Amino acid sequence: MMRSMYSGVAGLKTHQTKMDVIGNNIANVNTVGFKSQRVTVKDSFYQTLSSATDSSTMSGGTNAAQVGYGSAVSTIDVLHTNGGINTTGNAMDLYIQGNGYFVVDDGKGNKMYTRVGVLSFDGDGNLV
């Protein structure tokens, strides 16, 4: 594939991921305890067409000539800023301000993480 096509496709894939993250942030903007995310981008592989040269008494040398192959997603970071708080009137409802998550069990042994705890007691007196 031509380098220009590869570079363009790589950029479009990166942009698609950024748009997916933005769409998720917008869709959950009113969700209590939701943590928004951001995408950071990095350069992709470079092909060296000519190497750098040393300086001499007559010239300062030259830099390497490189061709880039577009961009790629470096990281998708969770932003741990405080979200909105809803007052429920239930003294058992919990909300974490700052960093951290509640670790909960889904009843099948799987650990899940949440920022908001809507808690109550079941018929057996267990906190659920």
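Positions within a chain are numbered from 1, following the residues in the order the chain's sequence is written. Residue-level local features of this predicted model are given only where pLDDT is at least 70; pairs of side-chain atoms are given and counted only at 80 or more, and the full residue set underlies all totals for whole chains, interfaces and linings. Hydrogens and water are ignored here; the side-chain numbers use all heavy atoms of the structure.

1. Quick look at the overall build of the chain
What the chain contains, in helices and strands, is one helix and eight strands. A helix here means a DSSP run of H or I that spans at least four residues, while a strand means a run of E at least two residues long, and both kinds are numbered starting from the N terminus. Written out in order from the N terminus, the α and β elements of the chain read α-β-β-β-β-β-β-β-β. For this measure, only C-alpha atoms enter the radius of gyration; the expected value for a globule follows 2.2 Å times N^0.38, where N is the number of residues. Relative to a compact globule of 128 residues, whose C-alpha radius of gyration would be 14 Å, the chain shows 25 Å and is clearly more extended. Dimensions of the chain along its principal axes, counting C-alpha atoms only, are 85 × 35 × 30 Å. By the burial criterion, 12% of the 128 residues in the chain qualify as buried. Exposure was quantified through the Shrake-Rupley algorithm and a 1.4 Å probe, taking into account, for residues, occlusion by the shown protein chains and nothing else. When the accessible area of the chain is evaluated, it comes to approximately 9500 Å², of which 54% is carbon and sulfur surface. Taking the average place of the 9 positive charges on the side chains of the chain and the average place of its 9 negative ones, the gap between the two points comes to 10 Å. To sort residues, take the accessible area from a 1.4 Å probe on protein chains only and compare it with the maximum for the residue type: under 20% means buried, over 50% means exposed, and anything in between is partly exposed. Only four residue types enter the charge count: Lys and Arg as positive, Asp and Glu as negative, with His and the chain ends excluded. To locate a charge, the coordinates of NZ of Lys, CZ of Arg, CG of Asp or CD of Glu are taken.

2. Looking at the pattern of salt bridges
Think of a salt bridge as a Lys or Arg side-chain nitrogen and an Asp or Glu carboxyl oxygen that are within 4 Å of each other. Taken as a whole, this structure holds two salt bridges when the rule is applied. For arginine 38, the salt bridge is made with aspartate 77, and the minimal N-O distance between the two is 3.5 Å. Placement of arginine 38 in strand E1 (residues 37-43) and of aspartate 77 in strand E4 (residues 71-78) is noted, with a sequence separation of 39 residues between them. With a closest N to O distance of 3.6 Å, lysine 111 and aspartate 105 form a salt bridge.

3. Looking at the environment of asparagine 24
You can see asparagine 24 is positioned in helix H1 (residues 3-27). Between the C-alpha atoms of asparagine 24 and threonine 81, which are 57 residues apart in sequence, the distance is 16 Å. Discounting residues that sit within four places of it in the chain, asparagine 24 has contacts with Phe34 and Gln37. A contact between two residues is defined here by any heavy atoms of the two lying within 4.5 Å.

4. Considerations on the packing of aromatic side chains
In this analysis, rings of Phe, Tyr and Trp, with Trp reduced to its six-membered ring, are considered paired at centre separations within 6.5 Å, and the interplanar angle assigns stacked below 30 degrees, edge-to-face beyond 60, and tilted for intermediate values. By the definition in use, this model includes one aromatic pair. Taking the centre distance of 5.6 Å and the plane angle of 80° together, the rings of tyrosine 6 and tyrosine 69 count as edge-to-face. One end of the pair, tyrosine 6, is in helix H1; the other, tyrosine 69, is in the loop between strand E3 (65-68) and E4, and 63 residues separate them in sequence. Tyrosine 69 gets classed as buried once you look at its relative accessible area, which sits at 15%. Over the aromatic face of tyrosine 101 sits the side chain of arginine 115, whose NZ or CZ is 5.6 Å from the ring centroid. Either the NZ atom of lysine or the CZ atom of arginine qualifies as a charge over a ring when it sits within 6 Å of the ring centre and within 35 degrees of the ring normal.

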